[in-house]
Amino acid sequence: MTETHAGAALPVVPTEFDLDLPSDLPFYYGSLSHLGIDYLVEPSEALKLLLKTNGRYLEPALFDGKAIVSCNYQLYLGQFSRGANVMQVIEFNIVAYPAADADRAPMLTYRQYATGEDQTGSYGFCRINVACDSDLWVKAGQEAFGEPKFKAAFDITIPAVNRHPGPPPYWTDTWSITCKEEGPQGSPIVTIQADLTGLPAHPASIAPFIEYGHQTDGKPLAAPLNVFQPYQLYDLTINGGRDRATITPGPAVGPVDDFIRLIDGADPAGAWVYQSPPVAVQNRPYFVNVRETVR
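Keep in mind that this is a model prediction, so the values were computed, not measured.

Caption draft 1: Highlighting the overall build of the chain. A tally of helices and strands in the chain yields 4 helices and 16 strands. The principal-axis extent of the C-alpha atoms belonging to the chain is close to 95 × 50 × 50 Å. Relative to its full complement of 295 residues, the chain shows a buried share of 43%. Taking contacts inside the chain between residues at least 6 apart in sequence as the whole, the part at least 24 apart equals 70%. Side chains of the chain give 20 positive and 33 negative charges; the mean places of these two sets differ by 7 Å.

What follows is the structure in structure tokens.
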């Protein structure tokens, strides 16, 4: 009987980013707030060309004949032995699969894909552009994961348990994220807004997210991002949901203009949200009972 062994090499992970960072992976998120918005669009020649530019060994995933263009925002904490970093990122993606795995990729509807029924890991995000507010993680994304990443800044208002006082008195699931050029006078690149308050949500096990990149020589990379609890999936094709999410270009849209052109005239099909639960809470103080000494 012929003996076989697994023998594929792993990509080299650069170690010179920072003395306090681990020299290997995985990288653990201390907390995560995550909003994704999907658009179903025609698999146009422009989309295919853009995909091949960023992932020449990939093919656009089709669901009922439509391709998926997806935008996702993340705010996360990286905790290290000598401190912590809070980072923000927006990934602008085309959902794709490796052409060599065409026979393995399952035939799904968008609903099946969005609720996590692809457990083969075939479908993933080919990053077209990635905006990030950390110099360190721009470098790490480019060199370790093959991401087309650039430095940006963010102005945000997102759901949080430590919300500002004042109206409304009830919980709102509203997101406003402006990605802009870095610097005090940076012009907006793109603004993502979503108001999911009151829309029905469906728990969905959609992680791990496979994220595709490529090395400088064009060799493709795939890196899974796993999230250990379900997401909340919102169907934006019903109950007026299409009016609940928008992606609006700003005057400095240039770095993500290719992505914006792909979704021009399209309505959002779905949104998915995850926010880490708090692990501890500091409560309001109260008065301690005292008993005066009787003389």
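Caption draft 2: Highlighting the state of the cysteines. Scanning all chains against the criterion turns up 0 disulfides. Sulfur of cysteine 71: no disulfide; nearest cysteine sulfur belongs to cysteine 179 and is 9.1 Å away.

Caption draft 3: Structural detail: helix α1 (residues 45–54). Taken together, the buried positions of α1 are occupied by Leu47, Leu50, Leu51 and Asn54. Looking straight down α1, one finds that the buried residues subtend no more than 100 degrees of arc, so they occupy a single side. In this structure, α1 carries Glu45, Leu49 and Thr53 as exposed residues pointing more than 90 degrees from its buried face.

Caption draft 4: Structural view of the environment of alanine 99. Examined against the element boundaries, alanine 99 turns out to sit in the loop between β5 (83–98) and α2 (110–114). In this structure the C-alpha to C-alpha distance between alanine 99 and cysteine 126, which are 27 residues apart in sequence, comes to 13 Å. Once you skip the residues sitting within four places of it in the chain, alanine 99 turns out to touch Tyr57, Leu58 and Glu59.

Caption draft 5: Looking closely at the sheet that holds strand β10 (residues 188–195). Pairing in this open sheet of 4 strands is antiparallel, and the strands run β8-β9-β10-β15 from one edge to the other. Of all the strands in the sheet, just β8 (153–157) and β15 (245–249) have a single pairing partner and so form its edges. This sheet shows a mean twist of 10 degrees between the axes of neighbouring strands, independent of strand direction. Pairing analysis gives 5 bridges linking β10 to β15, with the strands arranged antiparallel. Residue isoleucine 192 lies in a different strand from β15, and its bridge partner there is isoleucine 247.

Conventions and cut-offs
Residues numbered from 1 in each chain as written. Predicted model: local features only at pLDDT ≥ 70, side-chain atom pairs only at ≥ 80, totals over all residues. Heavy atoms only, no water. Helix = DSSP H or I, 4+ residues; strand = E, 2+ residues; numbered from the N terminus. Buried < 20%, exposed > 50% of the residue type's maximum accessible area, 1.4 Å probe, protein only. Contact = heavy atoms within 4.5 Å. Lys, Arg positive; Asp, Glu negative; His and termini not counted. Charge placed at Lys NZ, Arg CZ, Asp CG, Glu CD. Disulfide = S-S within 2.5 Å. Arc of directions from axis to C-beta. Pairing = 2+ DSSP bridges. Axes fitted to C-alpha atoms, helices over the stretch in contact; angles between N-to-C directions.

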